[in-house]
Each structure stands twice: as structure tokens, then as C-alpha cells.
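For reference, the chains in residue letters:
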Amino acid sequence: MLEGLRKAFTNLIEHFSTTQLSDKDVHQILDEFKLELAANDVSMEAADRISELIDEKLRSLRVPRFSDRYSMIRQIMIEVLSSVIIEISPEILFMAIKAKKLSNAGPYVILFVGPNGGGKTTTVVKIANLFKKEGLKPMIACSDTFRAAAIEQLKALAEKIGVKTVSQEYGSDPAAVAVDAINSARAGGFHVVLIDTAGRTEVDKNLLEEMRKIKRVTMPDSVIYVGDSLAGNVAVEQARQFHSYVGIDYVVLTKFDSDTRGGSAISICHAIGKPIIFIGTGQGLDDLLPFTKEFLINRLFA
Ligand SMILES: Nc1nc2c(ncn2[C@@H]2O[C@H](COP(=O)(O)OP(=O)(O)OP(=O)(O)O)[C@@H](O)[C@H]2O)c(=O)[nH]1
Ligand SMILES: [Mg+2]
């Protein structure tokens, strides 16, 4: 995992810490570095920004005699990467849900959106499981009324963790299912409603419109975008489109356990300016980790 990115940064640190370089050399090395980033799913825009920041910091770097140039340069890379990645602690979300619970203003509503097969349904259940562990009462709305077997899949997973679901027939209005769930959650004293939706591609305007309608009708407290870390630059474009259509608050990146190149984490943050809250690390319902800058930095600069 992340081997390519790690190599790109390690090479760069070595180049800059062992040689006295002319401006031309610096530019050439940074150009090669950008290509390596791009080969590891970092978008060109994000790669440009990272190189620009590194260049700026290198220019103002003064290395005192006898000090360790290598670790100073390594520190620059860490600072640059930290400034591009956006993290948020799940605690913030837990606290927002608990605050709404205390104010008796009805359940906290979270709308999950994302492309086909990105991992929405699994992630909804993983997060509901976490909420349960936090002492909250979650309910799940089966608002994917579109894909064959979507409702059965969600119900079977929710049953494993003992979380209640609300569903209607296939083909029914996903917004109506969500409203139904919110009403029964309110009546039953549930604290949070997680709305699972059908996967859609960023080019399918009808489905994107439908997603907008679900948002308009349910007025969610948060919208979580579930993206596939393996989808590379496609994931970035998708996130951008979803963000412009519905507005995203948090990102979950799934399939981090697979052979991800890792760049999409950097690119998505850069493209939409929203934080990653969790990463999915497997198909099991406990395979979810809070996302932190340290997670990435430790793996890239260990
Ligand atoms: N390895 C791995 N597999 C995952 C992860 N998250 C989800 N999956 C798998 O990815 C596949 C698709 O997951 P779903 O949760 O059904 O994805 P979805 O976005 O709901 O799919 P649609 O409803 O068809 O759009 C399933 O086989 C999941 O088990 C993850 O973090 N790691
Ligand atoms: Mg699904």
C-alpha cells in the first residue's frame, strides 16, 4: 500500500538533501516528481500545488552548519503534505449528533451519496455500528430502491449489527422512503438516520437530480460522500461533480486495504476542500478507521 507515493517522496528528499542544485535542476526534479505523483493517482492540480509549496519552502530553507539537511527537507515534505490533506475527527460528528439528541430536535440525518459500487451500503452499516458503540440509536433508510437486491443486501447487513431499517418496494420514491424513516425515527426516539442511496455516475443527470430531491426533502444535517480509493483520478472527478450537485460535508474513502496508490486521498481533499472522516479497510463491518494525516504521513515517511 502506498509504495509508489513513498518512493516518490523518498527520492525527492534524497535529491534535495545530497546535491547542491541550480534552479534548473530543481525544476527538472520537481517536474519528474509531479509525474510520479500523477502515476500514483494524485491529480495534476494537486501535484502542481504540492510542488509549488515544496519549491517555495526550499527557497527559504537555511540549513545551519552541522545540522541535518535530510531531516529538515523531510520535515518540509511532511508540512506540505499536511497542508494539502484535510482530516476531521469522527468525534466532531458524534458530538453534533449528541447535541441534536439533547435538544430534542428530532433525529440527526445523514445522507450517503456516491458512485456505483463505491462502498456506500457497507459504509452506512459500518458507521451505524460505530454509532451504536457510542451509545446512540441509529436507524437506516433503504433509499436505494433502484438496484436489484439492494434492499435485501442492506437489511442482511443491518441485521448483523441489530440496527433497524425502513424500506418500501423497489421502484418507490427514495425521498419518500427517507422521510418515512425520519418520521419513524422521531416517533421511536432514534437519534440518527442514515440514508443509503443508489449508486449513480457523475454523468447521469436524472439520477443526480433525484439525489438533489432526496436532499431537498430530507434536509440532512450532513452529507457523506463515499468514494472508492482505487478509482484514482476518476474518483476525483466524481467527487467534484457530486459536490457541485449536492454539496458534500465529509468524505469516506473505501478499499484502502486493497492495493491503493493513495493519491486519491490527497486529490479529493484538494479538489473539493472537504475533510476525509473515515477510510474503509475491508469488507467486514468493523473495517473502518478514522482518517488522520498521521495515517498517511506515517506510511509515506516511516
Ligand atoms: N476490500 C474492501 N471492500 C469493500 C470496502 N467497502 C466496501 N467493499 C466492498 O465493495 C463492494 C461494493 O460495496 P457496496 O457497499 O455494495 O457498494 P455500494 O456503493 O453500496 O454499491 P451500489 O449500491 O451498487 O452503488 C462490496 O463487495 C463490499 O464488500 C472496503 O473498505 N474494502
Ligand atoms: Mg449500495
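Residues numbered from 1 in each chain as written. Chains lettered and ligands numbered in written order. Predicted model: local features only at pLDDT ≥ 70, side-chain atom pairs only at ≥ 80, totals over all residues. Heavy atoms only, no water.

## Some thoughts on the pattern of salt bridges
Quick reminder of the rule: Counted as salt bridges are all cases of a side-chain nitrogen of Lys or Arg within 4 Å of a carboxyl oxygen of Asp or Glu. Secondary structure elements follow DSSP: runs of H or I of four or more residues count as helices, runs of E of two or more count as strands, with numbering from the N terminus.
Applying the stated criterion to the full structure yields 17 salt bridges. Across the pair arginine 6 and glutamate 3 runs a salt bridge whose closest N-O atoms are separated by 3.6 Å. Taken together, the residues span about one helical turn, with arginine 6 and glutamate 3 both in helix α1 (residues 3-18) at a distance of three residues. With its nearest N and O atoms 3.4 Å apart, the salt bridge here joins lysine 255 to aspartate 228. Placement of the pair is lysine 255 in the loop between β6 (250-254) and α11 (263-272) and aspartate 228 in strand β5 (residues 222-228), with a sequence separation of 27 residues.

## Considerations on the environment of glutamate 87
Here is the rule: Any pair of N or O atoms that falls within 3.5 Å is considered a polar contact. Within protein, one atom must be able to donate a hydrogen and the other to accept it, and sequence-neighbouring residues count only if both atoms are side-chain atoms.
The topology assignment puts glutamate 87 in the loop between α4 (69-84) and α5 (90-102). With 147 residues separating them along the chain, glutamate 87 and valine 234 place their C-alpha atoms 21 Å apart. Engagement of the side chain of glutamate 87 in a polar contact is seen with the backbone nitrogen of lysine 293, the distance being 2.6 Å.

## Re the packing of aromatic side chains
The description of an aromatic ring pair uses the distance of the two centres, along with the angle that the planes make with each other. For clarity, the threshold we go by: Note on aromatic pairs: the rings of Phe, Tyr and Trp (six-membered ring only in Trp) are paired at centre separations within 6.5 Å, and the planes decide the class, stacked below 30 degrees, edge-to-face beyond 60, tilted for the rest. Between buried and exposed lies partly exposed: a residue is buried under 20% and exposed over 50% of the maximum accessible area for its type, with that area taken using a 1.4 Å probe on protein chains only.
A complete count under the given rule lists five aromatic pairs for this structure. Centroid distance phenylalanine 256 to phenylalanine 295: 6.0 Å. Interplanar angle 70 degrees. Geometry classified as edge-to-face. Of this pair, phenylalanine 256 sits in the loop between β6 and α11 while phenylalanine 295 sits in helix α12 (residues 293-301); the two residues are 39 residues apart in sequence, bridging distant segments of the chain. What makes phenylalanine 295 buried here is its relative accessible area of 9%.

## Topic: the domain arrangement of the chain
For clarity, the cut-off: An automatic or database domain assignment supplies the start and end points of every domain. Note on definitions: a residue-residue contact is assigned when non-hydrogen atoms from the two residues lie within 4.5 Å. In short, buried area is how much 1.4 Å probe accessible area vanishes from two parts on joining, totalled over both.
The domain architecture assigned to the chain consists of domain 1 (3-84) and domain 2 (90-292). Of note, the centres of domain 1 and domain 2, computed from C-alpha atoms alone, are 36 Å apart. Residue-level contacts link 12 residues of domain 1 with 12 residues of domain 2. Three residues stand out in domain 1 for area buried against domain 2, namely Asp41, Glu45 and Val84, and they jointly supply 49% of the buried area on that side. Inspection of the domain 1/domain 2 interface yields two salt bridges. Between aspartate 41 and arginine 261 there is a salt bridge, with the nearest N and O atoms lying 3.2 Å from each other.

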